[in-house]
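Below, each chain spelled out in residue letters.
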Amino acid sequence: MPQQSMRQEDQILALEQALMAPRIAIEDLSPQVENGRFPTKATVGQPLQVSACIFADGHERLGAAVHWKHQDDAQWQQLPLVEMGNDLWQAGLRPTRPGRLLFFVEAWWDAFASYCYELEKKYGAGVPITLELQEGVQLAEAAVTRAPASLQAALQGFLGALADHPEDHDRQVRLWLDPATRVLFEQLEPHLHPTRSAIRQIEVERELAGFASWYELFPRSETDDEARHGTFRDVMRRLPMIRDMGFDVLYFPPIHPIGSKHRKGRNNSLIAGPGDPGSPYAIGSEDGGHDAIHPQLGTREDFRELVRVAAEHGLEIALDFAIQCSPDHPWLSEHPGWFAWRPDGSIRYAENPPKKYQDIVNVDFYAEDARPGLWLALRDVILGWVEEGVTLFRVDNPHTKPLPFWEWLIGEVRSRHPQVIFLSEAFTRPAMMARLGKVGFSQSYTYFTWRNTKQELESYFTELNQPPWRDCYRPNFFVNTPDINPFFLHDSGRAGFLIRAALATMGSGLWGMYSGFELCESAAIGGKEEYLDSEKYQIRPRDYGAPGNIVAEIAQLNRIRRQNPALQSHLGFRAYTAWNDNILFFGKRTEDLSNFILVAVSLDPFNAQEAEFELPLWELGLPDEAMTHGEDLMTGHRWQWHGKRQWMRIEPWHQPFGIWRLTTDAAAHTGA
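Residues numbered from 1 in each chain as written. Predicted model: local features only at pLDDT ≥ 70, side-chain atom pairs only at ≥ 80, totals over all residues. Heavy atoms only, no water.

Some points on the overall build of the protein
Alright, step 1. When helices and strands are tallied, the protein shows 18 helices and 28 strands.
Alright, step 2. Each principal axis of the C-alpha distribution contributes one length, and for the protein these read about 105 × 70 × 60 Å.
Alright, step 3. At a minimum sequence separation of 6, the contacts of the protein that also span at least 24 residues come to 74%.
Alright, step 4. Accessible surface, the protein: about 30,500 Å² in total, of which carbon and sulfur atoms supply 51%. (Helix = DSSP H or I, 4+ residues; strand = E, 2+ residues; numbered from the N terminus. Contact = heavy atoms within 4.5 Å. Areas by Shrake-Rupley, 256 points an atom, 1.4 Å probe, with all protein chains shown as cover.)

Observations concerning the sheet that holds strand β12 (residues 249-252)
Alright, step 1. The 8 strands lie next to each other as β18-β17-β16-β13-β12-β11-β20-β19, forming an open sheet whose pairing is parallel. Edge positions in the open sheet fall to β18 (443-444) and β19 (476-478), since each of these has one partner strand only. (Pairing = 2+ DSSP bridges.)

Topic: the side chain of glutamate 106
Alright, step 1. With respect to the helices, strands and loops of the structure, glutamate 106 is situated in strand β8 (residues 99-110).
Alright, step 2. Given the relative accessible area of 8%, glutamate 106 is considered buried.
Alright, step 3. Within the local environment of glutamate 106, its side chain forms a polar contact with the side chain of histidine 67, the two groups lying 2.9 Å apart. (Buried < 20%, exposed > 50% of the residue type's maximum accessible area, 1.4 Å probe, protein only. Polar contact = N/O pair within 3.5 Å; in protein donor to acceptor, adjacent residues only side chain to side chain.)

Some points on the confidence of the model for the protein
Alright, step 1. Confidence in the prediction of the protein, expressed as mean pLDDT, is 94, and 97% of residues score 70 or more.
Alright, step 2. Low pLDDT (under 50) marks residues 668-672, which in the prediction has 5 contacts with non-local residues, meaning those over four places away or in another chain. (pLDDT = per-residue confidence, 0-100.)

A look at the UniProt feature "site: Transition state stabilizer" (unreviewed entry) in the protein
Alright, step 1. Here, UniProt's "site: Transition state stabilizer" (unreviewed entry) annotation points to Asp483.
Alright, step 2. Within the secondary structure layout, aspartate 483 lies in the loop between β19 and α15 (487-490). (UniProt positions renumbered as here; feature names shortened; annotations may be inferred.)

Description of helix α5 (residues 169-177)
Alright, step 1. Taken as a whole, α5 has its buried residues at Gln172, Val173, Leu175 and Trp176. On an axial view of α5, the arc spanned by its buried residues comes to 160 degrees, and they lie on one face.
Alright, step 2. Elements in contact with the buried residues of α5: α2 (111-124), α3 (130-146), α4 (149-164) and α6 (179-186). (Arc of directions from axis to C-beta.)

Let's talk about the packing of α2 against α5
Alright, step 1. Relative to each other, α2 and α5 sit at 145 degrees, their axes nearing to 10 Å. Read as a crossing pair, α2 and α5 show a hand that is left-handed. Here Phe112, Tyr115, Cys116, Leu119, Glu120 and Tyr123 of α2 lie close against α5, whose contacting residues are Asp170, Val173, Trp176 and Leu177.
Alright, step 2. In terms of residue class, the contact of α2 with α5 is made up of 8 nonpolar, no polar and 2 charged. (Axes fitted to C-alpha atoms, helices over the stretch in contact; angles between N-to-C directions. Left-handed = near helix turned anticlockwise from the far one by under 90°. Nonpolar A, V, L, I, M, F, W, Y, C, P; charged D, E, K, R; others polar.)

A word on the packing of aromatic side chains
Alright, step 1. Tallied over the entire structure, the rule returns 47 aromatic pairs.
Alright, step 2. Ring geometry for tyrosine 366 versus tryptophan 375: centroids 5.9 Å apart, planes at 85 degrees, classification edge-to-face.
Alright, step 3. Taken together, the ring pairs in this structure connect Phe321, Phe365, Tyr366, Trp375, Phe393, Phe405, Trp406, Trp408, Phe422 and Phe441 into an aromatic cluster.
Alright, step 4. The lysine or arginine in question, arginine 451, covers the ring of tyrosine 460, its NZ or CZ lying 5.3 Å from the ring centre. (Phe/Tyr/Trp six-rings, centres within 6.5 Å; stacked < 30°, edge-to-face > 60°. Lys NZ or Arg CZ within 6 Å of the ring centre and 35° of its normal.)

Here we look at the domain arrangement of the protein
Alright, step 1. For the protein, the assigned domains are domain 1 (15-110 + 195-204), domain 2 (112-190), domain 3 (207-256 + 303-324 + 372-565), domain 4 (257-292 + 325-362) and domain 5 (573-667).
Alright, step 2. Distance between the C-alpha centres of domain 2 and domain 4: 80 Å. (Domains from an automatic or database assignment.)

A closer look at the UniProt feature "active site" (unreviewed entry) in the protein
Alright, step 1. The feature "active site" (unreviewed entry), as given by UniProt, occupies Asp396 and Glu425 in the numbering adopted here. In terms of the greatest pairwise C-alpha distance, the residues named above, spread along 30 residues, form a tight cluster of at most 5.4 Å across.
Alright, step 2. Of note, aspartate 396 is situated in strand β16 (residues 392-396).
Alright, step 3. Judged by its relative accessible area of 7%, aspartate 396 is buried.
Alright, step 4. In this structure aspartate 396 touches Tyr281, Asp320, Phe321, Ala322, Gln324, Lys401 and Glu425, once residues within four positions along its chain are discounted.
Alright, step 5. Those residues in contact with glutamate 425 that lie beyond four places of it in its chain are Arg394, Val395, Asp396, Asn397, Pro398, His399, Tyr445 and Asp483.

Digging into the environment of valine 44
Alright, step 1. Looking at the secondary structure, you find valine 44 in the loop between β2 (40-43) and β3 (48-56).
Alright, step 2. Separated by 402 residues in the primary sequence, valine 44 and threonine 446 place their C-alpha atoms 23 Å from one another.
Alright, step 3. Discounting chain neighbours no more than four positions away, the residues touching valine 44 are Pro95, Thr96, Arg97, Pro98, Val204, Glu205 and Arg206.

A look at the pairing of strand β28 (residues 657-663)
Alright, step 1. With 7 of 7 residues buried, β28 is to be regarded as a mostly interior element.
Alright, step 2. Here 5 bridges tie strand β23 (residues 596-602) to β28, and the two strands are oriented antiparallel to one another. Paired with isoleucine 597 across the two strands is arginine 661, which belongs to β28.
Alright, step 3. Alignment of strand β25 (residues 627-632) against β28, held across 4 bridges, turns out to be antiparallel. When the sheet's bridge partners are listed, aspartate 632 is paired in β28 with tryptophan 660.

Looking at the environment of aspartate 87
Alright, step 1. Structurally, aspartate 87 is set in the loop between β6 (82-85) and β7 (88-93).
Alright, step 2. Here aspartate 87 falls in the partly exposed class, since its relative accessible area comes to 31%.
Alright, step 3. C-alpha separation for the pair aspartate 87 and cysteine 53, spaced 34 residues apart in sequence, amounts to 5.3 Å.
Alright, step 4. If we skip the residues at most four places from it in the chain, aspartate 87 touches Ala52, Cys53, Ile54 and Phe55.

What follows is the structure in structure tokens.
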């Protein structure tokens, strides 16, 4: 017979255990990710709600609090939890600095509150309360024995007031139920049957981790002549324009030396022509590797100057961290044990069938010689660039590298430099994308690029607002990348680019675009989501003032985001009713409803669309016939809405979206 895995007596709670077991239940603690295996994400200054289901046997009243501190603090701070009904308790935290935050919830029997609750009920029902008032005196006298000297006088005064009129039950009940009495007893109330939850962690990051606008460009293309390689000095001349469009992160693909062996030519040709610069993702040459700068871009001093000048324009520089090497990378000769060699002495180049990348090879994280040397070297690459003033890194294909490596690396870097932000470029399966967020990535590329219909967008935006995604994943809505020229943009014209820009900027606190988007560039390789004459393989000068650009619209969208807190996160999204499948209608609002934004986007770049729609008056506590105020945040036009049911018409040749601030009379008069 098969052996039982556990004896029956082992499954029965022993008497000794039962006597010591918590009497109060603390369940559904939030926020937490995978029962505390990973920290929850939060940003400085943003409200963070802690909640738990707390209950116990009997009718005694409970008290509860959240205890929290930053990991390096000596003392815990405490904040009361408020009972919201149906055993749900909540409190709001607002982290003030980046770093790891710890918290736990404590609950207890509240003897004072239980006494007052029972006293008030019996008194209100006309039940005799003589014995209850005597018990109250005993409760107060017991409090005197444990009260500090600073509270002795107040307690003695309270006991004296009770003794002055022992037969005046009305007066005694008023004394017990006085809010001042509650404040007094809260300072010395014994915590009966105290129960604590497990300690949970929150990774608090600076604001830019959750609210930022990224602009990507190839520094070598900042030139007016394809025959002349752009430099960091050329990039500096573009900074005012990028700043004026409202971006705060300027992101570069790899800026390192590029290998010559198997260098790619134009349009991903396997053979480079004379003067072809190669792909910057083929990192490494005789000029250095991941810690070096491509000589044609400038010197290290030039880069430092660029970082400094960018900061003066309100821009931070983000670098690409691509863990791959050209066959010319110094590591191949200096550390051959960091790579997997084939039987004939060659090394396998990178592949993502059917794509082949003959100009790069991958490291082997678990080669015997690579542990820990390779891991430490990659960490030191990041730390070296942090020393140069870089605090944001976009990581290329992190899902193809070991998860334990990322958890260790990001933890190592952020323990020293909590301001550092990591963006995951992982277009892969949902479970892997979420896991990368759990192990430490601050934000991630998303499926937004391929969500086009109303149903797809509503479903995706809603999913990102719900657990587990909301606690472990911050979406960065890139509208295009050097690798992705979305099908939607191929023939949708200027209106199509405005549609995607509006969806990205209004849908998430994080969004990004690759240069050329503002010029509505869409020339593609037939049948593929790839750019014709891709900048990955050639220098591409541009006229950023060319006719038909959407620079002004992008600047206004970014300005609206900065002026409206509701738009500074992907959270707060709610889809509303518009009776037209070509119009996505949704709202974003702050927790206190002081900033309420409505967004209507036509998903048809060619035809006018009309729809009846509902204003969400119920969320403002207003009746269906209420009057509200609308303001078009793109134009400044203002009007009044009367009632819940309204009508809209969107013409893509004019503006394919509407962004409206909704206010009530009270808010309108206060300038909200």
